[in-house]
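The residues making up each chain are set out below.
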Amino acid sequence: MFVFGHAGITIGMAMIADALTSRQRANVTPAATDNHGDRRSRAGWRGFLPIREWMDYRLLLVASLLPDIIDKPLGQALLRDTFSYGRIHAHTFLFALITGIPGLWLFRTRRRSWLLILAFGSLMHDLEDQMWRWPSVMWWPLKGWAFPREDLNGWFGNMLQALISDPEAFVPELIGIGFLVFAAVRVFHTRRFLYALKTGRLDHPAAQVTR
Ligand SMILES: [Zn+2]
């Protein structure tokens, strides 16, 4: 998957999850929170609801591309002789884990969400890349230390060719563009363009949190 597919589908999934969890949040009884309304003490998954309180869509945009931002320059340019491959360390489940676990800890203890957003975006990227089809990368290093290699000659041209001729390549891009247009229309429609640009939020949250 390429830029618009990753960015649009990840943002779209977050918007859908936000819409669903906001509805769930409305059904959470007052007894589910403590007497002081301190969200840090909310038990289990309820501490993450609603997503709009902590989601920064600007950061999510970067996170949705993070594995490629790290791996493509490294594996295809800087360390091309070593790897000759564009999906290496940042495309592994281990990468999502070593960002996700401290991300969860930071969120639960300090209510800071930036690392959790990076982990979420990276995990979504791996799923969109269907990394389970490359188990030696997805589960690295459980299946050995070496990454696959590929002939990178003409990879950019091949990518452009796939984008105009291969439905498996261009359909996700069209879906991603659809989600991005939907998000843009929503922001402009509610006249919150500057607000979204400044805060990374698409909606006004019920409470302010620190990122
Ligand atoms: Zn990728």
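Everything below is about the structure printed above this text.
A few points on the structure. All residue numbers refer to positions counted from 1 along the written sequence of the respective chain. In keeping with the model being predicted, local features are shown solely for residues with a pLDDT of at least 70 and side-chain atom pairs are shown and tallied solely at 80 or more, while totals for entire chains, interfaces and linings include all residues.

**A closer look at helix α7 (residues 167–189)**
The following threshold applies: Runs of E in the DSSP output that reach at least two residues are strands. Runs of H or I that reach at least four are helices, and both are numbered from the N terminus. Multiplying 1.5 Å by the helix residue count minus one yields the expected span of that helix. Partly exposed residues are those whose C-beta has more than 12 but fewer than 20 other C-beta atoms within 10 Å; with 20 or more the residue is buried, with 12 or fewer it is exposed, and the C-beta atoms are placed from the backbone.
A rise of 1.5 Å per residue sets the reference length of α7, with its 23 residues, at 33 Å; its end C-alpha atoms lie 32 Å apart and thus fit the reference within 8%. Those residues of α7 that sit buried are Gly176, Phe179 and Ala183. A positive phi of about 55° marks Arg191, the residue just after α7.

**Overview of the nonpolar core**
Where we set the bar: Any nonpolar core is a set of buried residues, restricted to Ala, Val, Leu, Ile, Met, Phe, Trp, Tyr and Cys, that join up through C-beta atoms within 7 Å.
In this structure, Ile11, Met55, Leu60, Ala63, Ile117, Ala119 and Phe120 are the most contacted members of the largest nonpolar core, which totals 37 residues. Broken down by secondary-structure element, the contributors of at least two residues to this core are α1 (3–27), α2 (57–78), α3 (93–110), α4 (114–128), α5 (135–138) and α7. If one sorts the elements of this core by residue count, α4 sits on top with eight residues.

**Overview of the environment of Ala184**
Here Ala184 is to be found in helix α7. Note on Ala184: 12 C-beta atoms within 10 Å, which makes it exposed.

**Here's the deal with the packing of α3 against α4**
Put simply, the rule is: Only the contacting stretch of a helix is used when fitting its axis, a line to C-alpha atoms as for every element, and angles between N-to-C directions run 0 to 180 degrees. Oblique is the label for any angle not covered by the other classes, which are roughly parallel (under 35 degrees), roughly antiparallel (over 145) and roughly perpendicular (65 to 115). Put simply, a crossing is left-handed when the front helix is turned counterclockwise from the back one by less than a right angle, and right-handed when it is turned clockwise. Throughout, a residue-residue contact means that the two C-beta atoms, derived from backbone geometry, are no farther apart than 7 Å. Under the convention adopted here, Pro, Cys and the residues Ala, Val, Leu, Ile, Met, Phe, Trp and Tyr are nonpolar, Asp, Glu, Lys and Arg are charged, and Gly plus all remaining residues are polar.
Relative to each other, α3 and α4 sit at 150°, their axes nearing to 7 Å. By the criterion of interaxial angle, the relationship of α3 to α4 is roughly antiparallel. For the crossing formed where α3 meets α4, the hand is left-handed. Residues Phe95, Ala96, Thr99, Gly100, Pro102, Gly103, Leu104, Leu106 and Phe107 of α3 lie in contact with α4, whose contacting residues are Leu115, Leu116, Leu118, Ala119, Ser122, Leu123 and Asp126. Counted by class, the contact of α3 with α4 contains eleven nonpolar, four polar and one charged residues.

**Topic: the environment of Gly200**
The residue Gly200 is located in the segment after α8 (193–199) in this model. It is 5.0 Å that separates the C-alpha atoms of Gly200 and Arg58, two residues lying 142 residues apart in sequence. Sequence-distant contacts of Gly200, that is, excluding residues within four places in its chain, are made with Asp56, Tyr57, Arg58 and Leu59.

Just distances and angles here, no functional claims.
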